[in-house]
Structures are given as structure tokens and as C-alpha cells.
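# Residue-level structure breakdown
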Amino acid sequence: MHHLRQLAIRTALAIATPTGGGVSLESAARRAGETGRNVAISLIGLALAVAATVLAFRRDFKEAAAVLAVGVVCVMLATPAGESLLRATVNTLLGA
């Protein structure tokens, strides 16, 4: 158990250490955020693709198309470009 803890600490430090040599928590947090975003996008896309496939096999094509459309919007909004698009749309609509 002690060896696993040391391995985890060394791994965390290796991930948090940029090529310059110092430990940068901001850099590690940024990379963790990007990884989390990528995992979330993948899981959203996978779940909605499975749901659309199940609906297509039930011959409910309208609902399958709706689920796929919602999936595309969710994945798009989960990206930084989608977030900026959403902010621009809200600012345009509300005049803020």
C-alpha cells in the first residue's frame, strides 16, 4: 500500500511538472480540465448514439433524429468554441 501511495505521488508530480522544471499546479489543472472535457464529450456522444440506435431499431425515427440532434448540440456546447458561440448568442439576444 505504501508503494502505491509513493507511485501516485511521483506520478502526480511528474504530470504537474512542466518541461521547464518547476511544479505548476495551474498547468496540471488546465490539462486535467481539458481531459475531463474530452471524456465528457465522448461519453455524451456515446450515450446519445446508443439511445438513437435503440430508437431506430424500435422504428421510432423521429425520436432517434431528435436524440441525435440533442447529442450534436450537447457536444458542440461542451467545446470551448461552442461555449463562446453560446455567450455571443446570449449577448446578441439580451443586448448585454
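Scroll up for the structure.
In this report, the structure presented in the accompanying data block is examined.

Conventions and cut-offs
- Residues numbered from 1 in each chain as written.
- Predicted model: local features only at pLDDT ≥ 70, side-chain atom pairs only at ≥ 80, totals over all residues.
- Heavy atoms only, no water.
- Patch = residues over 30% accessible without salt bridge, like charges linked within 9 Å, V, L, I, M, F, W, Y side chains within 5 Å.
- Areas by Shrake-Rupley, 256 points an atom, 1.4 Å probe, with all protein chains shown as cover.
- Salt bridge = Lys/Arg side-chain N within 4 Å of Asp/Glu carboxyl O.
- Helix = DSSP H or I, 4+ residues; strand = E, 2+ residues; numbered from the N terminus.
- Core = buried A, V, L, I, M, F, W, Y, C linked by side-chain atoms within 4.5 Å.
- Buried < 20%, exposed > 50% of the residue type's maximum accessible area, 1.4 Å probe, protein only.
- Contact = heavy atoms within 4.5 Å.

## Remarks on a nonpolar patch on the surface
A cluster of nonpolar side chains, namely Val73, Met76, Leu77, Leu85, Leu86, Val90, Leu93 and Leu94, defines an oily patch on the protein surface of about 740 Å² accessible area. Elements that contribute at least two residues to the nonpolar patch include exactly helix H3 (61-78) and helix H4 (80-94). By residue number, the principal contributor to the nonpolar patch is H4, which donates 5 residues. Within the secondary structure, Val90 is located in helix H4.

## Some points on the nonpolar core
Generally speaking, nonpolar side chains in soluble globular proteins are found buried as a group. Ranked by size, the top nonpolar core spans 5 residues in total: Leu48, Ala52, Leu55, Ala64 and Val67. Secondary structure elements with two or more residues in this core: helix H2 (25-57) and H3. Per-element accounting of this core gives the leading share, 3 residues, to H2. For Leu55, the contacting residues outside a window of four places in its chain are Asp60, Glu63, Ala64 and Val67.

Everything listed here is a matter of coordinates, which is why it stays silent on function.
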